[in-house]
Amino acid sequence: MGYANLRQCLRDLEARGDLVRVETPVNPVLEAGVIQRRAFRKGSPALLFERVEGTPFPMVANLFGTRERIRYLFRDTLRTVETLLRFKADPMAQLAASLKRPWSCLPLPRSLLHTMPKTVADGPILRGSTRLSQLPRLISWPKDGGGYVTLPQVYTENPAAPGFSGSNLGMYRVQLTGEPFQPDREAGLHYQIHRGIGPHHAEALRRGDRLPVNVFIGGPPAMTLAAVMPLPEGIPELLFAGVLGGRRPAMVKPDGADLPMPAEADFCIQGYVEPGNAKPEGPFGDHLGYYSLAHDFPVMTVEKVHCRPDAVWPFTTVGRPPQEDTVFGEFIHELTADLVPTVFSGVHEVHAVDAAGVHPLLLAVGSERYVPYAEERIPQELLTCAMSLLGTTQTSLSKYVLIAAREDSGLVNAHDVPRFLAHMLQRTDFSRDLHFITRTTMDTLDYSGISLNQGSKLVWAAAGNPRRDLAGRLPDGFGLPEPFGGARVFTSGVVVMQGPPHGAGCDRHDQRMQRLAKALGEQGGLEELPLFVVADDAEFTSANWDNFLWVTFTRSDPATDMYGGGSFTHCKHWGCRGPLVIDARLKTYHAPPLEPDPEIERKVDAMAAPGGPLHGLID
């Protein structure tokens, strides 16, 4: 059976040497975040901070910090979950397999009994209470606007159909402190576009009612993972938590409360959102590697903060990938990879690239079968596949969608980024194969677009035989117009160069970039170098693949920042005959990148040094 609560989980991890207690006092303001990120980078055990400044509650970090540990946490149910998902992906094949090996499906009926939550009369969560000001004030990055809950489970129910079946459990960050909020009375509730809480809030606003909200922290680990699971709208995350946790989620509803809460949760912040009540939330150092800035988001009015007597506050921090949330993504991909063809017809594989911040770059392998007899195979079915990816689930937030045809090469693999990009560059006709969607919704955390939640998307499709070889060196006599320079071949077919800083006087279509693209288009010998990337720091960008992916795709918007040699517009279609140029410089309207606090870094250095309390646990 899975863990009933967080304390069971922590005791088990400690017994196997996968959790270490830290008795030295730790400050939740910046210091705890630095330690957590360093522990993750080192692949360390979970860390239980027993003495946290400013709060009576201990904090646990790095709980989900390695793939091995996350698989261990769900070892009792993982095989059952995988079997259920395989049945969903290919029911006939799995039915045939089960007839040959019936014992392999024995856990399924029992697991289905664990899906539905059960209502209980009492639970540890009702045996204590506290105030927002007594909770750990976790500030992860120097410019964060206040203390945050970073592993929240935000629970709402559909006002039109209340109950578990119409519920949503999502991980939407919650700001506990900060200038706009009344102490101990208000919290900022930040939810990104396309999230499941949105329809619930919209329905409450339509009725003119407040939206009840509960924020759970801790409890069974299966609840935390369920909150980040990208389930389709209408499928309650509580059901998945029951299967993954190996037990029916026990929910308790205090007298007079609007919503239930997990009986075994460590904390529950109980409250509601009034219609029209919004205040600036943020800034917050986010998972793209930049701050999301302060914007108006719903305010949660807090009625009560419940806590169990032995409550522990689990937390993580985010920043430029990879971070602990990377492990969540990898684990979810392992579970759901077989489902991709059933959700997206014609799509065989997808890879939301973590190094590029997940949503900015999606690589996909699809089928191209629409005109199999054509002399020249061009992207057609691939475009249908790409529109499907952009039409539903979390893939709809993708900014750049690069999709290749499986029929062109049995070796094309969306998870082998270098080979995938080379495959695309060899086959793309840049006058035909770039398809823009402008002034559309985009990831709330991505500031490369025209405004909050708005920007563009690009479908870049490639099919057919190779059109070009890719060069590994610049041609003789290669030159660049001022003020560009420092060009170097990053990988075959891709050139990275240094650009001038984006100044306050630059419009969205920098005239210098247009002149650069024109010059490249007029220069001969570049057919085998089809992609140029302009960066603020060419040396940093070209140092490795992680840097290249992060800079290129988090600092550019397709419609705004793509140029081309010999570019043209025909029947509203944009294309180019010469090299494609991406302006990946930081713009004056972008959010600032995350930078650590040197003083805190030095303090943690001392804790990690020989003889220090964290020696051997963090890098």
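Since this is a predicted model, take the numbers as computed values, not measurements.

Quick notes on the rules
- Residues numbered from 1 in each chain as written.
- Predicted model: local features only at pLDDT ≥ 70, side-chain atom pairs only at ≥ 80, totals over all residues.
- Heavy atoms only, no water.
- Helix = DSSP H or I, 4+ residues; strand = E, 2+ residues; numbered from the N terminus.
- Rg over C-alpha atoms; globule rule 2.2 N^0.38 Å.
- Buried < 20%, exposed > 50% of the residue type's maximum accessible area, 1.4 Å probe, protein only.
- Contact = heavy atoms within 4.5 Å.
- Areas by Shrake-Rupley, 256 points an atom, 1.4 Å probe, with all protein chains shown as cover.
- Lys, Arg positive; Asp, Glu negative; His and termini not counted.
- Charge placed at Lys NZ, Arg CZ, Asp CG, Glu CD.
- Pairing = 2+ DSSP bridges.
- Arc of directions from axis to C-beta.
- Phe/Tyr/Trp six-rings, centres within 6.5 Å; stacked < 30°, edge-to-face > 60°.
- Lys NZ or Arg CZ within 6 Å of the ring centre and 35° of its normal.
- Axes fitted to C-alpha atoms, helices over the stretch in contact; angles between N-to-C directions.
- Parallel < 35°, antiparallel > 145°, perpendicular 65-115°, else oblique.
- Nonpolar A, V, L, I, M, F, W, Y, C, P; charged D, E, K, R; others polar.
- Core = buried A, V, L, I, M, F, W, Y, C linked by side-chain atoms within 4.5 Å.
- Salt bridge = Lys/Arg side-chain N within 4 Å of Asp/Glu carboxyl O.
- Polar contact = N/O pair within 3.5 Å; in protein donor to acceptor, adjacent residues only side chain to side chain.

(A) Fine view of the overall build of the protein chain. Counting its secondary structure elements, the protein chain contains 18 helices and 31 strands. A compact globule built from 619 residues would reach a C-alpha radius of gyration of about 25 Å, and the protein chain, at 25 Å, matches this within 12%. Looking at the protein chain as a whole, 57% of its 619 residues are labelled buried. Partitioning the intrachain contacts of the protein chain with sequence separation of at least 6 by distance along the chain shows that 73% fall at a separation of at least 24. When the accessible area of the protein chain is evaluated, it comes to approximately 24,700 Å², of which 51% is carbon and sulfur surface. When the 61 basic and 70 acidic side-chain charges of the protein chain are each reduced to a single mean position, those positions are 3 Å apart.

(B) Fine view of the sheet that holds strand β4 (residues 118–119). Spatially, the three strands line up as an open sheet ordered β4-β12-β13, and their pairing is mixed. Where the open sheet ends on each side, the last strands, each with one partner, are β4 and β13 (261–262). Bridge analysis of β4 against strand β12 (residues 250–252) gives two bridges, and the strand direction is parallel. Its bridge partner lying in β12, T119 is registered against M251.

(C) Up close: the pairing of strand β29 (residues 567–570). Alignment of β29 against strand β30 (residues 573–576), held across four bridges, turns out to be antiparallel. From the neighbouring strand, T569 faces β30, where its bridge partner is W574. Counting the residues between successive antiparallel strands, the hairpin from β29 to β30 contains two residues, one of them, C571, with a positive phi of roughly 55 degrees.

(D) Region of interest: helix α12 (residues 381–389). Turning to α12, its buried residues are E381, L382, C385, A386 and L389. The buried residues of α12 all sit within an arc of 140 degrees when viewed along its axis, so they share a single face. Each element contacted by the buried residues of α12 is listed here: β20 (347–352), β21 (361–366), β22 (400–405) and β24 (454–462).

(E) Up close: the pairing of strand β7 (residues 153–157). By the criterion of burial, β7 is predominantly enclosed, with five of the five residues buried. In β7, alternate side chains face the same way, and those of Q153, Y155 and E157 on one face and V154 and T156 on the other are all buried. The pairing of β7 with strand β11 (residues 211–217) spans three bridges and is antiparallel. Residue pairing for β11: Y155 is matched across the bridge by N214. Bridge count between β7 and strand β8 (residues 167–170): four bridges; the pairing is antiparallel. Opposite T156, over in β8, you have N168 as the bridge partner.

(F) Summary view of the packing of aromatic side chains. Under the criterion given, the structure shown has 17 aromatic pairs. Connected via pairs of aromatic rings, a cluster forms that spans F57, F267 and W313. The ring of Y72 carries the charged tip of R16 above its face, separated from the ring centre by 3.6 Å. The residue whose ring lies beneath R210 is Y272, and the NZ or CZ to ring-centre distance is 3.9 Å.

(G) Local environment of the packing of helix α13 (residues 417–427) against helix α16 (residues 545–554). Two numbers describe how α13 lies on α16: the axes approach to 11 Å, and their chain directions differ by 55 degrees. Considering their axes alone, α13 and α16 lie oblique with respect to each other. Contacts between α13 and α16 involve V417, P418 and L421 on the former and, on the latter, W545, F548 and L549. Split by residue class, the contact of α13 with α16 holds six nonpolar, no polar and no charged.

(H) Spotlight on the environment of I35. Mapped onto the elements, I35 comes out in helix α2 (residues 31–42). Through-space distance from the C-alpha of I35 to that of V604 is 6.9 Å; in sequence the pair is 569 residues apart. Those residues within four positions of I35 in sequence are excluded, and the remaining contacts are V26, L47, F49, V604, M607, L614 and I618.

(I) Summary view of the packing of helix α8 (residues 221–228) against helix α10 (residues 324–336). Orientation of α8 relative to α10, taken along the N-to-C sense of each, is 80 degrees, at an axis distance of 11 Å. Viewed along their axes, α8 and α10 adopt a mutual orientation that is roughly perpendicular. Within the contact between the two elements, α8 uses T224, L225 and V228 and α10 uses F328, F331 and I332.

(J) Here's a closer look at the nonpolar core. Judged by nonpolar contacts, the single largest core of 50 residues is most densely connected at L10, I70, F74, F216 and L335. Of all elements in the fold, only α1 (6–15), β2 (46–49), α3 (67–73), α4 (78–89), α8, α9 (237–245), β12 and α10 reach the threshold of two or more residues within this core. Look past the residues within four positions of L335 in its chain and what remains in contact with it is L78, V81, E82, L85, M229 and F240. Counting residues in each nonpolar core, the second largest holds 48 residues, with V34, I35, L47 and L614 among its members.

(K) A look at unusual backbone geometry. That bond from G282 to P283 is cis: its omega, -5 degrees, falls within 30 degrees of zero. Despite not being glycine, N62 has its phi angle at roughly 65 degrees, a positive value. When you line up the elements, N62 lands in the loop between β3 (59–61) and α3. Phi at C571 is positive, roughly 55 degrees, even though this residue is not glycine. Looking at where C571 falls in the secondary structure, it is placed in the loop between β29 and β30. Classification of C571 by relative accessible area gives exposed; the value is 68%.

(L) A look at the side chain of D144. Within the secondary structure, D144 sits in the loop between β5 (129–130) and β6 (148–149). For the buried residue D144, which engages in no salt bridge, the nearest side chain bearing the opposite charge is R37, 7.4 Å off. Among the polar contacts made by the side chain of D144, one reaches the main-chain amide nitrogen of S140 at a distance of 3.2 Å. A distance of 2.8 Å separates the side chain of D144 from the backbone nitrogen of G285, its partner in a polar contact. Beyond its immediate chain neighbours, meaning those up to four positions away, D144 contacts I139, P283, F284, G285 and Y291.

(M) Structural context of the sheet that holds β21. Taken together, the five strands give an open sheet; going across it, the order is β20-β21-β22-β24-β23, and neighbouring strands pair in mixed fashion. The two strands at the open ends of the sheet, each matched to only one other strand, are β20 and β23 (434–441). Taking each pair of neighbouring strands and ignoring which way they run, the sheet shows an average axis angle of 15 degrees. Relative to β22, α12 is tilted by about 145 degrees, and along the sheet it contacts β20, β21, β22, β23 and β24.

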